[in-house]
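Each chain is listed here by its residues.
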Amino acid sequence: MTEMTRRERIEVLVDAPLVRKLAELAQEAGITGHTLWRVTGGSGTGGAWSEDLLSGATAKCLFLVIANEERAETFMAALEPLLDSHQLIVMRSAVDVVRAARF
Amino acid sequence: MDQIATSLMSPPVLFFVLGALAAAAKSDLAVPETIAKGMSLYLMAAIGLKGGVEVSRAGVDGQLGLALLAGLGLSFAIPFLVAPILRRLGRLDRVNAGAVAAHYGSVSVVTFVTANQIYAGSGFLAAGFMVAVLAAMETPAILSGLVIARREAGGRLFEPRLLHEVAFNGSVVLLLGSFAIGMLLGEDGYQPILPLFTTGFTGVLCLFLLDMGLLAMRRLMQTRALTVRLAMLGVAFPLVNGTLGVLAGVLVGLDAPSVAVLGVLAASASYIAVPAAMRLSLPQADAGLYLAMSLGVTFPFNIVLGIPLFRWLAETLTPMLGAA
């Protein structure tokens, strides 16, 4: 049977121009990789938004990282001051992964 | 009035109006994002190439330098002019005033392209080097907007990453790059690619403006941040800034079509280069607000009324002041 290990999955809905900032924070937290999911639109407290390749200002991405608990905590703490100013939606959940050494 | 009627009846403007009406009627009409992005790249490459070919034919003279200086000066100065008005009349805080002001100092490529196309249709041809002025005016306003937003906050005004974004912004690279290619190719070298970049140009512009009409109207309908005062400023700014642009063009001795185009550039507000830069450097500013003003109010105003208005102003003032 495949060996599974518990890790933390953090997803952040973020404006596309701010992705690089998140990637830097993840790296500083010791998280070596991330994945970007393309999202096409939605609505929230700031009103409706949709994919915007023209200006890129209101386009959003889902920024996904998987990390062990210590790194996940460090990354979450780094996101805390940006929640309002960068209008982040942050989700955290537990997942089972294969090849745990990668995360 | 004749110029306004002619401008309104031009195919690109009619397609823009169609897009706006479709969005107002809540039609499901949509141009796929990737196609819209492709069309914007095509238009920028085409306008850059044509400008470069035109400069290779006419040659470079002192007018180019003066026009560049006028454009750079306008782009740097306009944010400092509009920001206090945004704070006092628009009741915006310093950060939002700086972000919105940066949009008004920068320029709209599509407004420039549409103005050139409408003017050229009646033989009112601006100098080819105005493409270089367009590219030069894209980014200085970003720096001015950041100075306005951050001068009381202390700390570093510009991050190295932002300076890189400003210098190598995609639209600036494409405009200047295709302008340089056009200059290198000259008229003979341009002939093989002319069918793609000249023959199809107006058709692509029509489709792009259809999308812009949809975007502008939807942006206006969706926004929660735009007040009546700010909407009025979105009309007042292009009138004042465009007049300043026309005056600057006349003072540096440009011909009437180039004066009109400089007026259109000064009147226009960015919605391609600046919004992403502001999101990156001033994330706390309201993107819905600056996009609603620049794309939802100022862009339609310029497309429908600004383009003929600044031509009329240029044709009136150039003989009066240009000869003085």
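Per an unreviewed UniProt entry, the recorded name for chain B is Sodium-dependent bicarbonate transport family permease, and the organism is Alteraurantiacibacter palmitatis.

An unreviewed UniProt entry lists chain A under the name Nitrogen regulatory protein P-II, with Alteraurantiacibacter palmitatis as the source organism.

Explain the overall build of chain A residue by residue, including any values.
Counting its secondary structure elements, chain A contains two helices and six strands. By principal-axis analysis of the C-alpha atoms, chain A measures approximately 45 × 30 × 20 Å. In chain A, buried positions account for 29% of the 103 residues. Restricting the contact set of chain A to residue pairs at least 6 apart, pairs at least 24 apart contribute 75%.

Tell me what's going on with the UniProt feature "transmembrane region" (unreviewed entry) in chain B, and back it up with residues and numbers.
All names here are of chain B. As recorded in UniProt, the sites labelled "transmembrane region" (unreviewed entry) are residues 64–86, 98–119, 125–146, 166–186, 192–210, 230–252, 258–277 and 289–310. Secondary structure within residues 64–86 divides into 100% helix and 0% strand; the distance between the first and last C-alpha atoms comes to 33 Å. With 90% helix and 0% strand, the stretch residues 166–186 has end C-alpha atoms that lie 29 Å from each other.

How would you sum up the interface of chain A and chain B? Please name residues and give values.
Each side of the interface is counted separately: chain A has 15 residues, and chain B has 19 residues. Taken together, the residues that form the side of chain A that touches chain B break down as six nonpolar, seven polar and two charged.

Explain the pairing of strand β6 (residues 89–97) of chain A to me, using residue names and the numbers behind them.
Note on strand geometry: in a regular strand, side chains alternate between the two faces of the sheet. Residues and elements named next belong to chain A. A small share of β6 lies buried, amounting to zero of its nine residues. Here nine bridges tie strand β1 (residues 5–15) to β6, and the two strands are oriented antiparallel to one another. Looking across to β6, one finds that Arg 9 is bridged to Ser 93.

Tell me about the packing of helix α4 (residues 62–88) of chain B against helix α14 (residues 256–267) of chain B, residues and numbers included.
Residues and elements named next belong to chain B. The N-to-C vectors of α4 and α14 enclose an angle of 20 degrees; their axes lie 11 Å apart at closest approach. Accordingly, the angle class assigned to the pair α4 and α14 is roughly parallel. Pair α4 / α14 crosses with right-handed handedness. Contacts between α4 and α14 involve Ala 67, Ala 70, Gly 71, Leu 74 and Ile 78 from the first element and Ser 258, Leu 262, Leu 265 and Ala 266 from the second.

Before we move on, can you summarise helix α16 (residues 287–321) of chain B with the specific residues and values?
Between its terminal C-alpha atoms α16 of chain B stretches only 40 Å, short of the 51 Å expected from 35 residues at 1.5 Å a residue. Of all bends in α16 of chain B, the biggest is about 50 degrees, found at Gly 306 of chain B, and the proline Pro 308 of chain B comes one to four residues later.

Please set out the environment of Met 1 of chain A residue by residue, giving values where relevant.
On the secondary structure map, Met 1 of chain A appears in the segment before β1. The spacing of Met 1 of chain A and Thr 35 of chain A is 34 residues in sequence and 27 Å in space, taken between C-alpha atoms.

Please give an account of the packing of helix α7 (residues 130–137) of chain B against α14 of chain B that cites residues and values.
Residue and element names in this part refer to chain B. At their nearest, the axes of α7 and α14 sit 11 Å apart, and the two run at 20 degrees to each other. Between α7 and α14, the angle falls in the class roughly parallel. You can see that α7 and α14 cross each other, and the crossing is right-handed. Of the residues in α14, those touching α7 at Met 130, Val 133, Leu 134 and Met 137 are Ser 258, Val 261, Leu 262 and Leu 265. Broken down by class, the residue content of the contact of α7 with α14 amounts to seven nonpolar, one polar and no charged.

I'd like to hear about the nonpolar core, residue by residue, with values.
For soluble globular proteins, the rule of thumb is that nonpolar side chains tend to be buried together. All names here are of chain B. If you look at the biggest cluster of nonpolar residues, it comprises 137 residues, and the most contacted ones within it are Val 100, Val 133, Leu 134, Leu 262 and Leu 265. If you tally residues by element for this core, the top one is α16, at 17 residues. Leave out the neighbours within four places in its chain, and Val 133 touches Ala 67, Leu 68, Gly 71, Leu 262 and Leu 265.

The rules we used
Residues numbered from 1 in each chain as written. Chains lettered and ligands numbered in written order. Predicted model: local features only at pLDDT ≥ 70, side-chain atom pairs only at ≥ 80, totals over all residues. Helix = DSSP H or I, 4+ residues; strand = E, 2+ residues; numbered from the N terminus. Buried ≥ 20, exposed ≤ 12 C-beta atoms within 10 Å, placed from the backbone. Contact = placed C-beta atoms within 7 Å. UniProt positions renumbered as here; feature names shortened; annotations may be inferred. Nonpolar A, V, L, I, M, F, W, Y, C, P; charged D, E, K, R; others polar. Pairing = 2+ DSSP bridges. Axes fitted to C-alpha atoms, helices over the stretch in contact; angles between N-to-C directions. Parallel < 35°, antiparallel > 145°, perpendicular 65-115°, else oblique. Left-handed = near helix turned anticlockwise from the far one by under 90°. Expected span 1.5 Å × (residues − 1). Bend = angle between axes of the 7 residues up to and from the residue. Core = buried A, V, L, I, M, F, W, Y, C linked by C-beta atoms within 7 Å.

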